[in-house]
Every structure is written in structure tokens, then in C-alpha cells.
Amino acid sequence: MDAVDTAHLLVITFVIGITAEAITAALAAGKQRMDLFGVVALAALTALGGGTIRDMVLDTYPLTWVEQPVYLVIVVVTALVTVSLSFLMHYFRKVFLLADAVGLATFSVIGTQMALDLGYGFVIACVASVVNGVSGGILRDLMSDRVPLVFSKELYATISLIATSIYMSLLAMGVGENWTIVITLVAAFVIRVIAMYFGLSLPVFEYQTEGESKNPRSSLHYQSTRRSLLRSRNRVSFDTSRYSLLSKLPGRKGKAQKKQRWVLPEDDPETDLEDNPS
């Protein structure tokens, strides 16, 4: 297999990967009600952030998208098209997942390649592979105010490590670099698809002190939001007695006037019973 063919293959799969990343980022930005600049910025951060961090870690300049701005243009156009056709995106969810798997395999191979070309060994090649493969998704999730999926329930970074191991093992066995690239791409893609299909993930570590609640309401973000709502409730309460029409409605006579207020989930006894069935 010609080296030119594998180089073109990596470029094609790389474009597929950054396109899928840009689409997922644009949809995440839409869920956070970002404006167009926010959509484009999050898409670029997600699609090109992994490669940028990789280049900075390996001290390789200029950055990939700076040297070849066409990748940035592809990401920006993809984000804008996603905004325009967002009503169709849910029909292609499986296609995006497969494209993302292709991107993960490609990012892992490119990261490994660059580390080896610079003379680094297995450990740094693994670091470059993982950083290139998962950093974009981590940045997307953090900017979308959620725990990165790669940290909780996705077999993602592990596949980058497996890809690096396969790549270097094949080279050590004397397999040509071109075939090594193709085999590693296919293997990483297949493993990722199998992991998605069967819901495979790493064991989750959970630690809680005695009496600590598992309720996500204990998070700092939730507590901050709750305090803001409490302050707003105190300012925006209103008295129904101010509205004379209400007192003239049938069935209103003889009833005590009462003040309406906002109710938080914690103030609702039914919610408390649902959260604490004991």
C-alpha cells in the first residue's frame, strides 16, 4: 500500500472526525442557548482543541489548524449548517456516532504518529493519543456545564490507549507503517462501535461519607441557583388582594386572602416524599 494512499486516508478520516465533533458541539451549544458566535466557538474548541493541546504538549508549531486553516473553515461551516438544519439532526444520530468513532480512531493514530516521529516512546505516545482523542469532548462538556462523558460512562480514552498499543505492537512485529495505520484505524473503530452497542465502560468509583446525600442537589451549581431563586422569590411575591376583580369572582367570598409565591422543589412536600421514600 502506497504511503500517499494512507496519508490521504488519514486526511479524509480526520475531516470526518472534526465534522462529527463540530456537529455535536453545535447541538450542545444550542441546548445552552448560545448565540452564533458561541456555537462556532464551541464547535472549533471541540473539533480542533484536542489537536491544539497535543501540539502544545509535544511542542510542535505551527499548530495544525494554523498551518492548514482549511480545517477551521470546515468546522465553522459545519457549525453554521448544523444550526440551519438542526431540525433534521436527530434523524442522523447513529451516523454521527459512527463518524465520531472514525474521528476517535484517526485522532489516536495521528497523536501516536506525531509522538513517535518526534522520538518519544510508548508512554508519551499514549499521552499524545489520549489528549488528541478526548480533549475536544472534555472541553465541550465543560463549556456546556456538565461532567465530561469520558470521565463517567464512556469507553473512550481507553480506546486511544488500545490504538497506541496496537500501532506500536504492529511496528515492533515488522509490519509496514501503511498497513499498521489501516489495521489500527479499523481496530479502534470496531472496538468503539462494540463498546457503544453493548454499553461497555470502565468501573465507576464512588465514595461517600456516612450520611452524605446522593442527591445531585448538593452540587455547588444547584445550591447557587437555589439561592438566586430564593432571593428572587422574596422580591417578586405579590398579594392577590390587590386585584379587586379576584374578590368579585364566584366562590371567593369569605375566603381568607392569601399571598402567592414561587415554590422550589425542596419546599414541595410531594417532591420531598419522592426524593426520600423512607
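Cut-offs applied
Residues numbered from 1 in each chain as written. Predicted model: local features only at pLDDT ≥ 70, side-chain atom pairs only at ≥ 80, totals over all residues. Heavy atoms only, no water. Core = buried A, V, L, I, M, F, W, Y, C linked by side-chain atoms within 4.5 Å. Buried < 20%, exposed > 50% of the residue type's maximum accessible area, 1.4 Å probe, protein only. Helix = DSSP H or I, 4+ residues; strand = E, 2+ residues; numbered from the N terminus. Contact = heavy atoms within 4.5 Å. Polar contact = N/O pair within 3.5 Å; in protein donor to acceptor, adjacent residues only side chain to side chain. pLDDT = per-residue confidence, 0-100. Salt bridge = Lys/Arg side-chain N within 4 Å of Asp/Glu carboxyl O. Axes fitted to C-alpha atoms, helices over the stretch in contact; angles between N-to-C directions. Parallel < 35°, antiparallel > 145°, perpendicular 65-115°, else oblique. Left-handed = near helix turned anticlockwise from the far one by under 90°.

### Observations concerning the nonpolar core
The biggest cluster of nonpolar side chains holds 33 residues, and the ones touching the most others in it are Ile18 and Val75. Of all elements in the fold, only helix H1 (3-31), helix H2 (36-58), helix H4 (70-84), helix H5 (93-117), helix H6 (122-143), helix H7 (157-172) and helix H8 (177-198) reach the threshold of two or more residues within this core. Of all the elements, H1 adds the most residues to this core, at 8 residues. Not counting residues up to four positions away in its chain, the partners in contact with Ile18 are Ala47, Leu48, Tyr71, Ile74, Val75 and Phe107.

### Focus on the environment of Asp35
Looking at the secondary structure, you find Asp35 in the loop between H1 and H2. Here Asp35 falls in the exposed class, since its relative accessible area comes to 53%. Of note is the side chain of Asp35, whose polar atom sits 3.3 Å from the backbone nitrogen of Phe37. In terms of polar contacts, Asp35 uses its side chain to reach the backbone amide nitrogen of Gly38, at 2.8 Å.

### Brief notes about the confidence of the model for the chain
Any residue range with low pLDDT should be treated as having predicted coordinates unsuitable for detailed reading. Looking at the chain, the pLDDT average stands at 82 and 74% of residues meet or exceed 70. Contacts from residues 259-267, a stretch scored under 50 in pLDDT, to residues over four places away or in other chains number 24 contacts. Across residues 269-278, where pLDDT falls below 50, the model places 6 contacts with residues more than four positions away in sequence or in other chains.

### Regarding the pattern of salt bridges
A side chain of one charge can pair with a side chain of the opposite charge if their charged atoms are brought near each other. Under the definition given, this model contains 4 salt bridges. Here Glu21 ties to Arg140 by a salt bridge, and the two come within 3.9 Å at their closest N and O atoms. Residue Glu21 is located in helix H1, and its partner Arg140 is located in helix H6; the two are separated by 119 residues in the primary sequence. Both residues of the pair, Glu21 and Arg140, count as buried. The salt bridge partner of Arg140 is Asp141, with a shortest N-O separation of 3.2 Å. Since its relative accessible area comes to 12%, Arg140 is described here as buried. Its relative accessible area of 2% is what places Asp141 among the buried residues. Linked by salt bridges that have partners in common, Glu21, Arg140, Asp141 and Arg146 make up one network.

### Concerning the packing of H2 against H6
Taken N-terminus to C-terminus, the directions of H2 and H6 make an angle of 150°; their axes are 8 Å apart at the nearest point. Of the possible angle classes, the one that applies to H2 and H6 is roughly antiparallel. When you trace H2 past H6, the crossing you get is right-handed. Between H2 and H6, the residues in contact are Leu42, Leu45, Thr46, Gly49, Gly50, Gly51, Ile53, Arg54 and Leu58 and Ile124, Ala128, Val131, Asn132, Ser135, Gly136, Gly137, Leu139, Arg140 and Met143, respectively.

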